[in-house]
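Each chain, written out:
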Amino acid sequence: MRAIRGATTVASDCADEIKSAVKELLDEIFTVNNLRLDEVVCIMLSNTSDINSYYPAKAAREAGYARFPLYSSLEPEIEGSLARCIRVMILCERSKAVKHVYLREAKSLRKDLTKVLNIAIDGPAGSGKSTISRIIAEKLGILYLDTGAMYRAIALKCVRNNADYADKDAVRHLVNDIDIKVDYRDGRQITLLDGEDVSEQIRTPQVSLLASYVSAYSFVRTKMVELQREIASKFSCVLDGRDIGTNVLPDCEFKFYLTAAPDVRAKRRHLENLSKGVEQSYEEVLKEIEERDFHDKNRAVAPLKKAVDATEVDTSDMSIDEVASLLLSKIEEKI
Ligand code: DC
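Residue numbering note: each chain is counted from 1, following its sequence as written. Where totals are concerned, whole chains, interfaces and linings use all residues; where local detail is concerned, this predicted model gives features only for residues with pLDDT of at least 70, and gives and counts side-chain atom pairs only at 80 or more. The side-chain values count all of the structure's non-hydrogen atoms but skip hydrogen atoms and water molecules.

## Structural notes on the pattern of salt bridges
The term salt bridge refers to a pairing of a side-chain nitrogen on Lys or Arg with a carboxyl oxygen on Asp or Glu at a separation within 4 Å. Considering all chains together, one arrives at 20 salt bridges under this definition. Arg-185 is the salt-bridge partner of Asp-197, the closest N and O atoms lying 3.9 Å from each other. Taken together, the residues span a long stretch of sequence, with Asp-197 in strand E10 (residues 196–197) and Arg-185 in strand E8 (residues 180–185) at a distance of 12 residues. Per-residue accessibility, obtained with a 1.4 Å probe over protein chains only, is compared with the maximum for each type, and a residue is labelled buried under 20%, exposed over 50%, and partly exposed between these values. Assessed through its relative accessible area of 32%, Asp-197 is described here as partly exposed. Judged by its relative accessible area of 43%, Arg-185 is partly exposed. Residue Arg-292 pairs with Glu-288 through a salt bridge whose shortest N-O separation is 3.5 Å. Residue Arg-292 and its partner Glu-288 are located together in helix H11 (residues 282–298), separated by 4 residues, close to a single helical turn. Owing to a relative accessible area of 5%, Arg-292 belongs among the buried residues under this scheme. Judged by relative accessible area, which is 9%, Glu-288 ranks as buried. Here a helix means four or more residues in a row that DSSP labels H or I, a strand means two or more in a row labelled E, and each is numbered from the N terminus.

If you want it as structure tokens, here you go:
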């Protein structure tokens with residue numbers, strides 16, 4: 001069972017305004033939570049004592065929210081409380097996280113909820129970042145931004161243009177007029193390189209390694225970080241990468257750093273490759289992971305490291321479900 005909270009305000013104590021404000025609030029709660037009427041146990045409403053002309057519960061019933069017990073109550077007159085405010089609590093039968101909704105002047109009551117929510121998950125290759133980020137984003141109903149895909153797209157452009165990754169000017173030339181965008185289809189991130197969907201082509205071992213090299217150039221990072229910050233400022237999302245907590249979003253409220261022993265990470269990546277039909281021995285995968293770790297951790301600009309305020313989780317002996325539940329419980333403690 002979960003409780004969904006919400007609140008709104010009316011400009012004046014008039015029946016029509018109360019009816020439309022209650023309808024707007026409930027419609028929004030049901031929409032953002034994808035809530036079905038048969039999941040609802042009861043709806044409780046309350047209003048400040050400066051609202052007298054209509055019962056909010058009656059307005060709810062008239063708006064079609066009538067298949068469950070409804071209850072209205074009057075709040076005490078408290079000095080300094082928000083004027084003409086209607087609050088709601090909906091009890092519902094569901095286990096996944098819910099979204100609370102604060103509208104109109106009531107937004108000021110819960111600045112933590114009305115602002116964009118960003119979650120940073122950093123760590124080395126194979127630590128479980130992408131799987132966990134995807135699960136958390138889905139559970140919270142927000143986007144998953146795979147920032148590694150952007151660096152991979154640049155690496156792919158180098159491959160396609162036969163540019164030597166060690167030739168800084170050649171890479172700079174390609175990056176100057178590169179067009180990288182991310183889009184979402186059926187909830188999955190699509191990475192577009194100069195308008196072409198390259199989501200599959202960027203997953204080869206060659207591109208993985210090259211991405212680690214080209215991502216060390218400051219002009220590459222400046223361009224990608226700008227794009228990542230722009231997306232994060234507009235949309236609630238889980239971002240996974242190497243420098244999200246330290247550099248992209250240093251003020252982010254939720255920061256995690258996932259690690260795992262290199263051999264565990266190599267085993268995971270090897271299995272993943274096999275399932276995708278990628279021919280690479282375990283020893284090759286381990287070597288590639290160690291090489292990438294070295295480059296990612298030792299580059300001059302924004303190297304891979306744990307942000308001081310990030311929660312570190314060693315996933316070596318944990319299942320995916322265990323890691324996801326741990327992170328979700330830490331996030332839900334605060335939201
Ligand atoms: O997460 P991934 O394996 O898809 O990332 C590919 C490479 O991109 C990685 O080896 C280092 C680089 N990268 C980065 O430098 N900063 C990020 N935020 C994400 C990835």
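That was the structure; now back to the text.
## Quick word on the site of the ligand
For this purpose, a residue is taken to be near a molecule or strand whenever a single non-hydrogen atom of the residue falls within 4 Å of it. Taken together, 15 residues surround the ligand, and among them Arg-152, Arg-221, Arg-242, Arg-292 and Arg-299 come closest. The term polar contact refers here to a pair of N or O atoms within 3.5 Å; inside protein, the definition further demands a hydrogen-donor-capable atom paired with an acceptor-capable atom, and it admits residues adjacent in sequence only when both atoms are side-chain atoms. Within the side chain of Thr-147, a nitrogen or oxygen atom sits 3.0 Å from a nitrogen atom of the ligand. Asp-296 is positioned with one of its side-chain polar atoms (N or O) 2.9 Å from an oxygen atom of the ligand. Here the accessible surface of atoms and residues is derived via Shrake-Rupley with a 1.4 Å probe, and residues count as covered only by protein chains that are part of the display. Across the complex, the protein chains shield 97% of the 450 Å² of accessible surface that the ligand would expose by itself. Within the residue set of the shell around the ligand, elements represented by two or more residues are helix H5 (148–160), helix H7 (205–214) and H11.

## Comments concerning the environment of Lys-99
Along the chain, the position of Lys-99 falls in the loop between strand E4 (85–92) and strand E5 (101–102). With a relative accessible area of 28%, Lys-99 lands in the partly exposed category. It is 8.3 Å that separates the C-alpha atoms of Lys-99 and Leu-113, two residues lying 14 residues apart in sequence. Whether two residues are in contact is decided by their heavy atoms, any of which lying within 4.5 Å being enough. Sequence-distant contacts of Lys-99, that is, excluding residues within four places in its chain, are made with Ile-4, Val-32, Asn-33, Leu-140 and Gly-141.

## With respect to the packing of helix H4 (residues 129–140) against helix H12 (residues 320–334)
Interhelical geometry of H4 versus H12 gives an angle of 50 degrees and a closest axis separation of 10 Å. What the angle tells us is that H4 and H12 run oblique. As for the relative orientation of H4 and H12, their crossing is right-handed in sense. Where H4 abuts H12, its residues Thr-131, Ile-132, Ile-135, Ile-136, Lys-139 and Leu-140 lie against Ile-320, Val-323, Ala-324, Leu-327, Leu-328, Ile-331 and Glu-332. Fitting a line to C-alpha atoms yields each axis, with helices limited to the stretch in contact; the angle taken between N-to-C directions then spans 0 to 180 degrees. Angle categories are assigned with fixed cut-offs, so that under 35 degrees is roughly parallel, over 145 is roughly antiparallel, 65 to 115 is roughly perpendicular, and the rest are oblique. Handedness of a helix crossing follows the sense of rotation of the near helix relative to the far helix, less than a right angle counterclockwise being left-handed and clockwise being right-handed.

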